[in-house]
Amino acid sequence: MRKIIIAGNWKMNKTLQEAKDFLQKLSNWEKDFAHQCVIAIYPSNVFLNVALGIVKNNAVQIGAQNVYFEKSGAFTGEISPEMLSSIGCNSSLVGHSERRHIFGEDDELLNKKVKALLNNQQEVTFCIGETELQRENDETEKVLEHQLKFGLKDVPATEMRKVVLAYEPVWAIGTGKTATPAIAQEAHLFIRNWLQENYGEVVADKISILYGGSVKVANIEALIVQPDIDGALIGGASLKVEDFTEIIFLAEKNK
């Protein structure tokens, strides 16, 4: 049985007080909700310590939005996997489309980040997805295969238990556009089949694949019932605790 994961990526949003208020409300709600799914929040790195402290008695997981692959050194502004471990943070996003397209992070760099996290016993949520132009040119599968092949290069099957994948079509992130359930399922099935071909049936069946791309209360039910969609990586709708908890409730109800 694959883990169902509902994760909120706050990106560069919220002040310290806003983060505290949200996490306290989420913690109080989570204590009263007998959930089966994994709940995760990716706040700004400057709030990681505070966030970890607020949810320490809850099942809510806190992860970083980004990480660097070196252990230490003259890398101003970066944060290492060892730094994350030292504060009790055990996971990070890697390869979010904004890191790829705004900050120019390529496959080689992302692969180094993935391996650095895994070597430090961290979990990885590895993001992949095509642009609108690539989809229009019928290149979706080609792009996904390339990102998987080079982003997970030299990652052995034994380490894949610490990897979650997130399919996030770039054209649907923050645009209000959402891949139809059929389009999302088709991409997720392609990813699942790629995993089976490259890592075997056991690994492919166990890895959770999340959908990310304008997920909201109105569409989570139609998405989550798809057989290869195992949860969601949520942007804007994760900034309001009422919307985020409603998405969790509906995902549990329908999966």
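Before any of the text, the structure's been laid out above.
Positions within a chain are numbered from 1, following the residues in the order the chain's sequence is written. Confidence filtering applies because this is a predicted model: local features only for residues at pLDDT of at least 70, side-chain atom pairs given and counted only at 80 or more, and all residues used for totals across whole chains, interfaces and linings. For the side-chain quantities, the full set of heavy atoms in the structure was used; hydrogens and water were omitted.

Considerations on the nonpolar core
One broad rule of soluble globular proteins: the nonpolar side chains tend to lie buried together.
No. 1: Throughout, nonpolar core names a set of buried Ala, Val, Leu, Ile, Met, Phe, Trp, Tyr and Cys residues whose side chains join them through atoms within 4.5 Å. To sort residues, take the accessible area from a 1.4 Å probe on protein chains only and compare it with the maximum for the residue type: under 20% means buried, over 50% means exposed, and anything in between is partly exposed. Among the nonpolar cores identified, the biggest contains 69 residues, and Leu 165 and Leu 195 are the most heavily contacted of them.
No. 2: Each helix is a run of DSSP H or I of at least 4 residues and each strand a run of E of at least 2, with the numbering of both proceeding from the N terminus. For this core, the element with the most residues is helix 8 (residues 181-199), which contributes 7 residues.
No. 3: If you look at the next biggest cluster of nonpolar residues, it comprises 11 residues, including Ile 5, Ala 7, Cys 127 and Leu 233.

Things to note about the environment of Trp 29
No. 1: By secondary structure assignment, the location of Trp 29 is in helix 1 (residues 16-32).
No. 2: Note on Trp 29: relative accessible area 24%, which makes it partly exposed.
No. 3: Taking C-alpha positions, Trp 29 is 9.9 Å from Glu 242, a pair spaced 213 residues apart along the chain.
No. 4: What makes two residues a contact is simply this: any of their non-hydrogen atoms within 4.5 Å. Contact partners of Trp 29, with chain neighbours within four places excluded, come to Ile 39, Thr 245 and Ile 248.

Details of the packing of helix 5 (residues 107-119) against helix 7 (residues 140-151)
No. 1: Every axis corresponds to a line fitted to the C-alpha atoms, with the helix fit spanning only the stretch in contact, and the corresponding angles, defined between N-to-C directions, vary from 0 to 180 degrees. One way to put it is that helix 5 packs onto helix 7 with a least axis distance of 8 Å and a crossing angle of 50 degrees. One element, helix 5, and the other, helix 7, form an angle in the oblique class. Along the contact surface, helix 5 presents Asp 107, Asn 111 and Val 114, while helix 7 presents His 146, Gln 147, Phe 150 and Gly 151.
No. 2: Throughout this entry, Asp, Glu, Lys and Arg are counted as charged residues, while Ala, Val, Leu, Ile, Met, Phe, Trp, Tyr, Cys and Pro are counted as nonpolar. The remaining residues, Gly among them, count as polar. Each residue belonging to the contact of helix 5 with helix 7 can be placed in one class, and the counts come to 2 nonpolar, 4 polar and 1 charged. Note on terminology: angles under 35 degrees are roughly parallel, angles over 145 are roughly antiparallel, angles of 65 to 115 are roughly perpendicular, and the others are oblique.

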